[in-house]
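# Topology and contacts: notes
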Amino acid sequence: MSAITRDEVAHLARLSRLALHDDELDQLAAQLDVIISAVAKVQEVAQGDIPPSSHALPLTNVYRPDETHQGLDPDQALAGAPAVEDQRFRVPRILGEEA
Amino acid sequence: MGTELLRMTAAELGAAIRAGEVTSVAATETYLDRIGEVDGDVRAFLHADREAALEQARAVDSRIAAGEELGPLAGVPIAHKDVFTTTDMPTTAGSRILEGWNPPYDATVTSRLREAGLVILGKTNMDEFAMGSSTENSAYGASHNPWDLSRVPGGSSGGSSAAVAAYEAPLATGTDTGGSIRQPAAVCGLVGAKPTYGGSSRYGVIAFASSLDTPGPFARNVLDAALLHEAFSGHDPRDSTSVDAPVPPVVEAARHGDVEGLRVGVVKELDGEGYQPGVLRRFHETVELLEGLGAKVVEVSCPSFDTALAAYYLIAPSECSSNLARFDAMRYGLRVGDDGTRSAEEVMSMTRAEGFGPEVKRRIMLGTYALSSGYYDAYYGSAQQVRTLIKRDFDAAFGHVDVLVSPTTPTTAFSIGERAADPMAMYLADLCTIPTNLAGNSALSVPCGLAPEDGLPVGLQVMAPVLADDRTYRVGAAVEAALASKRGSALLSESAYAV
């Protein structure tokens, strides 16, 4: 049995905001199946009450002094923008046509 | 004069520049000429700017002439992996999605090395977003291994390793998330180090997997690597995972390669089946050599290392799927399909499909899967538990040995194209290096000979506890000196691109 179906791969592509072609989906379904079957090995070892580690070093609540710093000016912040209007990032519509 | 300058170590070059025997301009020009001469074949650089480099060199020369006290590497040229932001040159991370992007700020590594007076020659090629072991995943084409141009220079920091091995730069930076400094250093016959996680700042490093990414040095010898390591390390308030502790005494350790009485553990799980015979032969010879120098060698078992690769290929893709969400076509980088009719979400999806290469898409998809509801505990959760087991194995081992050793890579440099179609085969290149990333401790790769069957470099990996990076340099220096006296010359002098 395969670890992942093509429909699941198409769903993941939507979640990942990747407009993939059909042939890419086919190829990824096959490759992800192999990879997921291989990495599923972690389940054999990770049994019982072993605490998870999200980080290598146990640092918590790291703050820096609450001091003001010179930030980017608007021109610097917008310098790499694909589209700019009135000192703002111009973006495609984010709401439906009816809005 | 040119060849003489290229042959100098970074330490020697820095000393000569400080003493006024050589100018930084002369050194920089020599390296720029070398880039012009060989980079058409090696293809290590994505960006090199002659005028900008010479301007930096002139500025350093005037600082020195004005009597300013600068560090040991002032005036020495360097190449940066194209994952470090640089305000004066483009930064792409090897991706189309960032083609032509000029960052508005410098990475901490970049700015610290500027202050130390190093001259940036340019930016080096890499696997896209540091995902890969060969540079073949770069959107701008693969770099070539100077020992054999038909082979990969390793990855993801393969442009940096190729540049230093081809004498196009005396030093280079890289980042190591699963082995991306140590593996390319090993297959190019260089020294490369992964500092303790948090020992070098991630600020301004384009993120791949934030809990693993670690900037580090490439050099042609152990002392130069230590000098570079020291120059950019230390606490950075701009990186919340930066460790607020003194930089381990790596330079001092690199100057005193004494392993008398040092307890060395050979990791049983990183040896034997699946490794190239010539790699194992050189590795075992080097272990004997360390024993001959007075080290106490024992075998150590780290059973959970067998599952490290699997855990890594869940944790790293999970983190990358989250980190790469920032490439949304809105604030910087590529935007595709914005014709006035499409929604932001459609433009985002089209841009990401066109701007990311196949390996990046594969990892984003894998990470999205591992983090999705219903699978989270079975995959990401289990992988995090394995991470705990790996840390425990390291802790137990370092309870009775000072360092652990293994081959850096299971094989020497593979051929370009050989593994490109098989992701799992490519992932195996990081088999020995991954445990250290998951546990966050320090490691270094140092050349330990050429494999008899193909004449290509083999690396010895030395692993040490968190913030004991100096031990890896101590062992590295001992191996380097012993190997040089045994062979009669430095390993790199046998490369096709030796000068």
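Everything discussed here concerns the structure shown above.
Described below are features of the structure shown in this document. (Residues numbered from 1 in each chain as written. Chains lettered and ligands numbered in written order. Predicted model: local features only at pLDDT ≥ 70, side-chain atom pairs only at ≥ 80, totals over all residues. Heavy atoms only, no water.)

### Considerations on empty space enclosed by the protein
Residue and element names in this part refer to chain B.
- Using the criterion set out here, one finds three cavities of 30 Å³ or more in the structure.
- One number sums up the size of the largest cavity: a volume of about 80 Å³.
- Lining the largest cavity are 14 residues, with Gly199, Ser233, Val247, Pro248 and Leu467 positioned closest to its centre.
- Among the residues making up the lining of the largest cavity, the classes are represented as seven nonpolar, six polar and one charged.
- Of the voids in this model, the second largest cavity is the one considered here, and its volume is about 40 Å³.
- Along the walls of the second largest cavity sit Gln183, Val187, Thr409, Pro410, Thr411, Thr412, Ala413, Phe414, Arg419 and Ala429, which together make up its complete lining. (1 Å grid on protein atoms, 1.4 Å probe; cavity = no way out; pocket = protein on both sides within 12 Å on 5 of 7 lines; lining within 4 Å. Points joined across faces, edges and corners; volume = space filled by probe spheres on them. Nonpolar A, V, L, I, M, F, W, Y, C, P; charged D, E, K, R; others polar.)

### Section: helix α13 (residues 358-371) of chain B
- Across its 14 residues, α13 of chain B extends 20 Å between first and last C-alpha, which sits within 8% of the 20 Å expected from 1.5 Å per residue.
- Extensive coverage of α13 of chain B is indicated by the burial of 12 of its 14 residues.
- Among the residues of α13 of chain B, Glu359, Val360, Lys361, Arg362, Arg363, Ile364, Met365, Leu366, Gly367, Thr368, Tyr369 and Ala370 of chain B are the ones counted as buried.
- The inward-facing, buried residues of α13 of chain B abut α1 (6-15) and α2 (22-39) of chain A together with α11 (308-323), α12 (344-355), α14 (377-398) and α15 (423-427) of chain B. (Helix = DSSP H or I, 4+ residues; strand = E, 2+ residues; numbered from the N terminus. Expected span 1.5 Å × (residues − 1). Buried < 20%, exposed > 50% of the residue type's maximum accessible area, 1.4 Å probe, protein only. Contact = heavy atoms within 4.5 Å.)

### A word on the interface of chain A and chain B
- Contacts between the two partners involve 52 residues from chain A, matched on the other side by 64 residues from chain B.
- Summing both partners gives a buried area of about 4,900 Å² for chain A against chain B, and 66% of it is carried by carbon and sulfur.
- Put simply, chain A and chain B have three salt bridges between them.
- Two residues, glutamate 24 of chain A and lysine 361 of chain B, come together in a salt bridge whose shortest N-O distance is 2.7 Å.
- The tally of links from chain A across to chain B stands at 22 residue pairs in polar contact (both at pLDDT 80 or more).
- Elements represented by at least two residues in the side of chain A that touches chain B include exactly α1, α2 and α3 (42-45) of chain A.
- Ranked by residue count, the leading element in the side of chain A that touches chain B is α2 of chain A, at nine residues.
- Of the residues belonging to the side of chain A that touches chain B, the class tally is 35 nonpolar, nine polar and eight charged. (Buried area = accessible area lost by both parts, 1.4 Å probe. Salt bridge = Lys/Arg side-chain N within 4 Å of Asp/Glu carboxyl O. Polar contact = N/O pair within 3.5 Å; in protein donor to acceptor, adjacent residues only side chain to side chain.)

### Examining the side chain of glutamine 56 of chain B
Residue and element names in this part refer to chain B.
- Mapped onto the secondary structure, glutamine 56 falls in helix α4 (residues 50-65).
- Note on glutamine 56: relative accessible area 15%, which makes it buried.
- When near neighbours in sequence (up to four residues on either side) are disregarded, glutamine 56 contacts Asp88, Met89, Leu118, Val119 and Ile120.

### Some thoughts on the side chain of serine 157 of chain B
All names here are of chain B.
- Along the chain, the position of serine 157 falls in the loop between β3 (119-124) and α6 (158-165).
- Accessibility expressed as a relative area gives 0% for serine 157, which makes it buried.
- When near neighbours in sequence (up to four residues on either side) are disregarded, serine 157 contacts Lys81, Asn125, Gly174, Thr175, Ser180, Ile181, Pro184 and Phe218.

### Considering the nonpolar core
- Phe129, Leu171, Phe356, Met365, Leu404, Leu438 and Tyr473 of chain B are the most contacted members of the largest nonpolar core, which totals 175 residues.
- Top contributing element to this core by residue count: α11 of chain B, with 10 residues.
- Apart from the residues lying within four places of it in its own chain, the contact partners of methionine 365 of chain B are Val9, Leu12, Ala13, Ser16, Leu18, Leu20, Leu28 and Leu32 of chain A.
- Formed by five residues, the second largest nonpolar core is a distinct cluster that contains Ala329, Met330, Val347 and Met348 of chain B. (Core = buried A, V, L, I, M, F, W, Y, C linked by side-chain atoms within 4.5 Å.)

### Some remarks on the pairing of strand β6 (residues 214-219) of chain B
All names here are of chain B.
- In terms of burial, β6 is largely enclosed, as six of its six residues are buried.
- Where strand β4 (residues 171-176) lies against β6, six bridges are found, and the strand directions are antiparallel. The residue bridging alanine 172 from the neighbouring strand is phenylalanine 218, located in β6.
- As defined by bridge partners, strand β5 (residues 191-194) adjoins β6 across two bridges and the pair is classed as antiparallel. Bridged to glycine 192 within β6 is phenylalanine 218. (Pairing = 2+ DSSP bridges.)

Limitation: the analysis is restricted to geometry and does not speak to function.
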